[in-house]
Amino acid sequence: MVSRYRPVTKTITHYAANACLLPICQLHGAAITTVEGIGSTKTRVHPVQERIAKAHGSQCGFCTPGMVMSMYALLRNTPQPSMDDIAEALAGNLCRCTGYRPIIDGCRTFCQVQSSSIQHEAAITISSISSTDYCWNSLFDKDQFQPLDPTQELIFPPELILTSQTPRPEPLTFQGERMTWVSPGSMDQLVQLRSRHPGAPLVMGNTNIGPDIKFKGIIHPLIISPTRVTELFETTQTPEGVWVGAGSSLSEVRTLLENLVPQYPPEKTELFRALIKQLGNLGSQQIRNVASLGGNIVSAYPNSDLNPVLAAGRCKLSVVSSGGKREVPLNQDFFVNFGKTILKPHEIVVSVFIPFTRKGEFVGAFRQAPRKESSFATVTTGMRVFFSEGSRVVQDISIYYGGMGPTTVSAVKTCAAIVTRQWDDETLGRAYEVLLEELVLPPSAPGGKVEFRRSLTLSLLFKFNLEVLHKLRHMKKKIIISQTPLPQSVSQEQNSQDPVGRPIMHRSALSQATGEAVYCDDLPRTDGELFLALVTSSRAHAKIIQLDVSEALKVPGVVDVITAKDIPGRKVRTMCGYDEELLAGSEVSCIGQMVCGVVADTRAHAKRGAAAVKISYEDLPEPIFTIEEAIEKSSFFEPRRRIERGNVTEAFKSVDQIYEGEHRMGGQEHFYMETQSMLVVPVGEEREFNIYVSTQWPAATQEAVAQTLGIPSNRVTCHVKRMGGAFGGKVTKTSILASVTSVAVTNRPVRCILERGEDMLITGGRHPVVGKYKVGFMNDGRIIAADIQFYTNAGNTIDESVLVIEKILLHMDNAYNIPHLRGSGAACRTNLPSNTAFRGFGVPQSLMFVENMITDVSMVLGLPADKIREINMYRGPSVTHYKYQFNPENLLRCWDQCKAKSTFSSRRTAVDQFNQQNQWKKRGMSIIPIKYGIAFGEGFLNQAAALVHIYKDGSVLVTHGGTEMGQGIHTKVQQVASRELHIPTSKVYISETGTNTVPNTCPSAASFGTDANGMAVKNACQTLYQRLEPIRKKNPKGLWESWVTAAFFEKISLSATGFHRGPDLYMDWEAMEGQPYAYFTYGACFSEVELDCLSGDYRTLRTDIVVDIGRSVNPSVDIGQVEGAFMQGLGLYTLEELKFSPSGLLYTRGPSQYKIPAVCDVPLSFNVYLLPDSYNPHAIYSSKGIGEPVVFLGSSVFYAIKDAVAAARSQSGLAGPFPLDSPATADKACLASASHFTQKVRVGGSVGRWAGLWVGL
Ligand SMILES: Cc1cc2nc3c(=O)[nH]c(=O)nc-3n(C[C@H](O)[C@H](O)[C@H](O)COP(=O)(O)OP(=O)(O)OC[C@H]3O[C@@H](n4cnc5c(N)ncnc54)[C@H](O)[C@@H]3O)c2cc1C
Ligand code: FES
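Residues numbered from 1 in each chain as written. Chains lettered and ligands numbered in written order. Predicted model: local features only at pLDDT ≥ 70, side-chain atom pairs only at ≥ 80, totals over all residues. Heavy atoms only, no water.

Peer 1: Honestly, the sheet that holds strand E21 (residues 542-548) in this entry has me stumped. Any pointers?
Peer 2: Consider a sheet: its strands pair through backbone hydrogen bonds, and that pairing is either parallel or antiparallel. Pairing is antiparallel across the open sheet formed by three strands, whose spatial order is E25-E21-E27. Two strands bound the open sheet, and with one partner strand each, they are strand E25 (587-588) and strand E27 (614-619). With six bridges connecting them, E21 and E27 associate as antiparallel partners. Bridge pairing links glutamine 546 to serine 616 in E27. (Pairing = 2+ DSSP bridges. Helix = DSSP H or I, 4+ residues; strand = E, 2+ residues; numbered from the N terminus.)

Peer 1: Would you mind going over the pairing of strand E35 (residues 783-795) with me for this structure?
Peer 2: Taken residue by residue, a regular strand's side chains alternate between the two faces of the sheet. Burial within E35 is extensive, with 12 of its 13 residues counted as buried. Pairing geometry for E35 and strand E36 (residues 820-829), over 10 bridges, is parallel. Looking across to E36, one finds that tyrosine 791 is bridged to alanine 826. Assessed by its sense of winding, the connection that carries the chain from E35 through helix H25 (residues 801-810) to E36 is right-handed. (Buried < 20%, exposed > 50% of the residue type's maximum accessible area, 1.4 Å probe, protein only. Right-handed = clockwise from strand over helix to strand, strands pointing away.)

Peer 1: For this particular structure, what's the right way to read the nonpolar core?
Peer 2: One broad trend across soluble globular proteins is that nonpolar side chains are buried collectively. Of all hydrophobic cores here, the largest spans 198 residues; its most connected members are Tyr100, Ile643, Val958, Trp1040, Ile1105, Phe1126 and Val1190. Residue contributions to this core peak at 10 residues, all from helix H26 (residues 843-861). Counting 39 residues, the second-largest nonpolar core is a separate cluster that includes Val379, Tyr401, Phe462 and Val468. (Core = buried A, V, L, I, M, F, W, Y, C linked by side-chain atoms within 4.5 Å.)

Peer 1: Hey, could you run me through the packing of aromatic side chains in this one?
Peer 2: For any pair of aromatic rings, geometry is given as the distance between the ring centres together with the angle between the planes. For the structure shown, the criterion picks out 31 aromatic pairs. Ring centres 5.0 Å apart and planes at 75° place the aromatic pair phenylalanine 1198 and tyrosine 1199 in the edge-to-face group. Relative accessible area serves as the criterion here: at 4%, tyrosine 1199 is assigned to the buried category. What links up through ring pairs into an aromatic cluster is the set Tyr874, Tyr882, Tyr884, Phe886, Tyr1077, Phe1080 and Tyr1082. Just above the ring of phenylalanine 886 sits the side chain of lysine 931; from NZ or CZ to the centre is 5.8 Å. (Phe/Tyr/Trp six-rings, centres within 6.5 Å; stacked < 30°, edge-to-face > 60°. Lys NZ or Arg CZ within 6 Å of the ring centre and 35° of its normal.)

Peer 1: How do you make sense of the UniProt feature "active site" (unreviewed entry) in the protein when you look at a structure like this?
Peer 2: Under the UniProt annotation, the feature "active site" (unreviewed entry) is placed at Glu1188. In this structure, glutamate 1188 is in contact with Lys807, Arg839, Gly840, Phe841, Tyr932, Ala1006 and Ser1007, ignoring residues within four places of it in sequence. Looking at glutamate 1188, its side chain comes within polar contact range of the side chain of tyrosine 932, at 3.1 Å. (UniProt positions renumbered as here; feature names shortened; annotations may be inferred. Contact = heavy atoms within 4.5 Å. Polar contact = N/O pair within 3.5 Å; in protein donor to acceptor, adjacent residues only side chain to side chain.)

Peer 1: What is the right way to look at the UniProt feature "domain: FAD-binding PCMH-type" (unreviewed entry) in the protein in this model?
Peer 2: Annotation from UniProt places "domain: FAD-binding PCMH-type" (unreviewed entry) at residues 174-359. Taken end to end, residues 174-359 has its terminal C-alpha atoms 52 Å apart, with 32% of it in helix and 23% in strand.

Peer 1: What exactly am I supposed to notice about the sheet that holds strand E6 (residues 180-183) here?
Peer 2: The strand order across the open sheet formed by three strands is E5-E6-E7, and the pairing between neighbours is mixed. Since the sheet does not close on itself, it has two edges, and those belong to strand E5 (172-175) and strand E7 (222-224), each with one partner. The average angle at which neighbouring strand axes cross in this sheet is 15°, direction not considered. Sheet topology places E6 next to E7; three bridges connect them, and they run parallel. Of the residues in E7, the one forming a bridge with tryptophan 181 is isoleucine 223. (Axes fitted to C-alpha atoms, helices over the stretch in contact; angles between N-to-C directions.)

Peer 1: I keep staring at the site of ligand 1 and nothing clicks. Help me out?
Peer 2: Contacts to ligand 1 come from 32 residues, most closely from Met204, Thr207, Ser292, Tyr301 and Asp305. In the environment of ligand 1, an oxygen atom lies 2.8 Å from a nitrogen or oxygen atom belonging to the backbone of glycine 205. Measuring from an oxygen atom of ligand 1, one finds a side-chain N or O atom of tyrosine 301 at 2.8 Å. Compared with its free state, where it exposes 980 Å², ligand 1 has 91% of that area covered by protein. Looking at the shell around ligand 1, the elements with two or more residues in it are helix H12 (293-299) and strand E14 (348-355). Broken down by element, the shell around ligand 1 gets its largest block of residues, five residues, from H12. Considering only residue class, the shell around ligand 1 consists of 16 nonpolar, 12 polar and four charged. (Near = heavy atom within 4 Å. Areas by Shrake-Rupley, 256 points an atom, 1.4 Å probe, with all protein chains shown as cover. Nonpolar A, V, L, I, M, F, W, Y, C, P; charged D, E, K, R; others polar.)

Right, here's the structure in full:
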């Protein structure tokens, strides 16, 4: 949080800001408060930290300090915020683990009015458990929270008030290694500086200049920071409107306009209100708090949200330079090209004039963005129309669009077609035709989505028309949260000390909320430490002709460049018989493949060194990017897999109908908040190394490093304290990165932390899949035969791709008993970065095809999809297509309860009614089941071990093979140890996962971590407890500590290992049968959405999830997993889109381009129910694994969107199956809705191929 004293108003302002965009020099005179400053576990935890932690809002904890500070800054300004305030404050913070609900839940305890909100339609309902024999009524007890006392907050440093009050007219100068920063003290100085250095940028909020410096490496030798020039912040009201200082932040502009609106009649403030609306959706609050009005205008982004509205509203600028002052109208002549305006380089925008509107004048502002909040617009617009008094004849009109070319564009011809005419359907009909001709985008226009963008220009004009005609007022969105009490979670007979089954807070939550939790990159720098920056291939398929590192070695601080030749041991790692080079030797096979690494004394020097490495290539012919190209060229990783039950070919002969379809599903980036991170420290003797690393599989990292260095594994110790998220992305990829880092180590430690962009470029993600299916069914809905072919895009190396294919085939039946079922799967070898494990490991892809197939069958037959699902579900004693016997009773119970909880039938009626009454908005709903196999099909991976020490003071140190990535394994294991040793959890500590304490561990994956490691810990604890038995018998009333001490004196070992063999699972692909899973986790999910068919925007109105996870060891942790996985699935199926260039470069390499779900995407009513009375003999304390299964249930939102689209299509007379690829982003949903406007748009050319490549298929 940044706090500043404003001498003019004598007030102190507080605002949250993004640290990565704040230049340190800009902070001169400001007070900075960080998460460590507001509270600590050693002294007093701040109420915000406490409530987020205790409400279970922290899983991996990497996002938690950001959440805490956004909320803290809000409370400093508004101690009793509304839910809207909270939603807005958190809109710019991303969390990949929690699904946001518990974070909002903790924050909402600061709202004064809570229960009244239930009457609003928009409500997030807290997860609820229902059962008959449990006795908890909440996941946390808010009565235990400390009150918020604003008087206890840190005060603004008085010395900063004093220095701010004392004017310092002379320029402030900061001199860096390569940059000079000058902050002039007056307008004169600013004008002089600007005329002497017209090329130097004026840095205000740094939100345009900053990313260029950070991500594009642009160096500005001089930066001018005019934040002390008071004229830039002045506001003056005139009878015609208001002059707003160009230096004002966008938040300040919004507040100013909001304050002015009530002071004037509504007709005068049409433009003000349109700007307020646009400002509410621009970026995030953190961005708006620093980004300036002048900066936004001058940056001239093609999709600036303000410029179209300011231009349509006839605003003008007051500009000053050494040549004097002038006024410049903001109109179509102002924007010259991408990022260019007619302003001269030495000119400064002092203020912006925002005029009042007149009676009969209407201004509209609309935008459509990939995500509702914190996302640049795809198309954005400002429109103004002025009618002659008392008539509908248009006297004047202006229409501006952003996102339709390199600049903000004016639809001049369209305006000409409207002006002087009556505002009616005929005029607008003609206007749409002109608009289509006027704003043309070539098929390969930057940004893609050409058809969608063109159709948006029409539909946004139509929206304006509706607004004008019906004087529609924008309804403010609300996220309001209500709480359903949680009935019961443990048996009443259970000992009150026994923590198993209770909603225990994540054991590190408070450390995470106070910023004390240590992640890999938090480890302090050790003496002489070096940093490794990676150099990656810029070609998709090429020979390396020359690797010239000479310039890199000249960069100050660079000590070495490592290449494949420097690897002392194995230069490759082998998986499934395929070798993968750690560093490319003579050839590269994708953009982003690691070629060499630059080692330097600092991160900055290493990065500069990496930028100086020159690689020359000779392109090799025909790189393969898409699945289609791979199929055409038979480019596959072997083995391919096939499975069949029954006789599919024969069965097709006896069915009533056959339908053939195809579905395409894009990949997904892990987007763990903590990027790949490692620190390799040489011990200094006998070639021994300590590796501090963020990995799900320490043993694999240890082995990989040992092989790379050519040393035995006993010289390498991997330490994993915690990960800031992993989701499967830190299983195999980390071991390669750690191996490369270890090569850079001579006698000094080396750290390697990937930047977000590098991480996204190098490490791959979820496999995209193209699948074709043929389904044979009877007219009553029974599916008799199905044949599905799956092709994944594996990328350039095999990694775990064949295993992913196997899991795809093993899950292709989902919940359905299809008597004749055939599947085949192939992992396509392409020249894109290699894909890897991702939560669900192929299941979220596999099930999309069977559910899509079922949806198509329902559309062919004209029967409800839920009925087709029910008709075909497993019932009674059942056998899967790989001959695995199971009882689907709990699957059916989840399904029935989900239908009941969601009031499925009455909602269906309500949705159908809504659709009849609304032309442009449609609602849709779906209910989806899941049957998910738990554990590793490779039996040996199901083993686990633990080591438990009891110290003489009675404290217990537990180590096990599982790693903590936010999923709460350490918390659950602590509960296990507490139950088995009959001691409070406070006596049990888990420090880290280390290969020196528990060797040969298996990866924490397959939703099996707690099952396996919990059992191993249980085993060790039972051994210890039994050893203490003679002591306990001698002194039954003694305390734990006394027993431990007595045991020590009686020479009883207080240390034990534990082991869990795990189930002996297998799959015989020749015989096409096996026992690849220990058991199934079941669930069902209902979702309902409302789709705006004109823009494709949708909102999830409600989601109800019922999951069978046996008897939960920790319901708060498990509900957290359910909600987080659901939101990750929602992102996968509706939002997250990977885009590649035609040459195979990943474009989406950061949060600006790649949108994961944010607070605005949480269903308005979100209910999670744990199936009661479920017991599981195959896992610890009758629980079930839950980390992965629910990802797929996010697809219920996809199918609800599809249902809404079907309603829109049927209005246009279109019936039957239609394709909708995943993710169902706004553009796809809008185009599929086939509205009048989308049908007008025609595009030819190369779009088809591009579209495939853009989602990495
Ligand atoms: C994460 C993120 C999300 C964003 N989302 C959106 C969005 O949804 N919609 C949208 O419209 N924008 C969005 N933006 C863009 C943001 O609004 C602009 O970057 C911002 O308004 C620029 O203002 P600034 O003060 O930060 O500019 P700076 O980076 O400080 O400067 C930008 C440029 O403007 C020039 N300049 C600044 N002030 C003046 C002046 N008074 N006179 C002359 N030249 C001047 C500078 O010389 C420089 O070239 C986003 C930006 C980020 C980083
Ligand atoms: S807890 Fe939010 S990213 Fe992990």
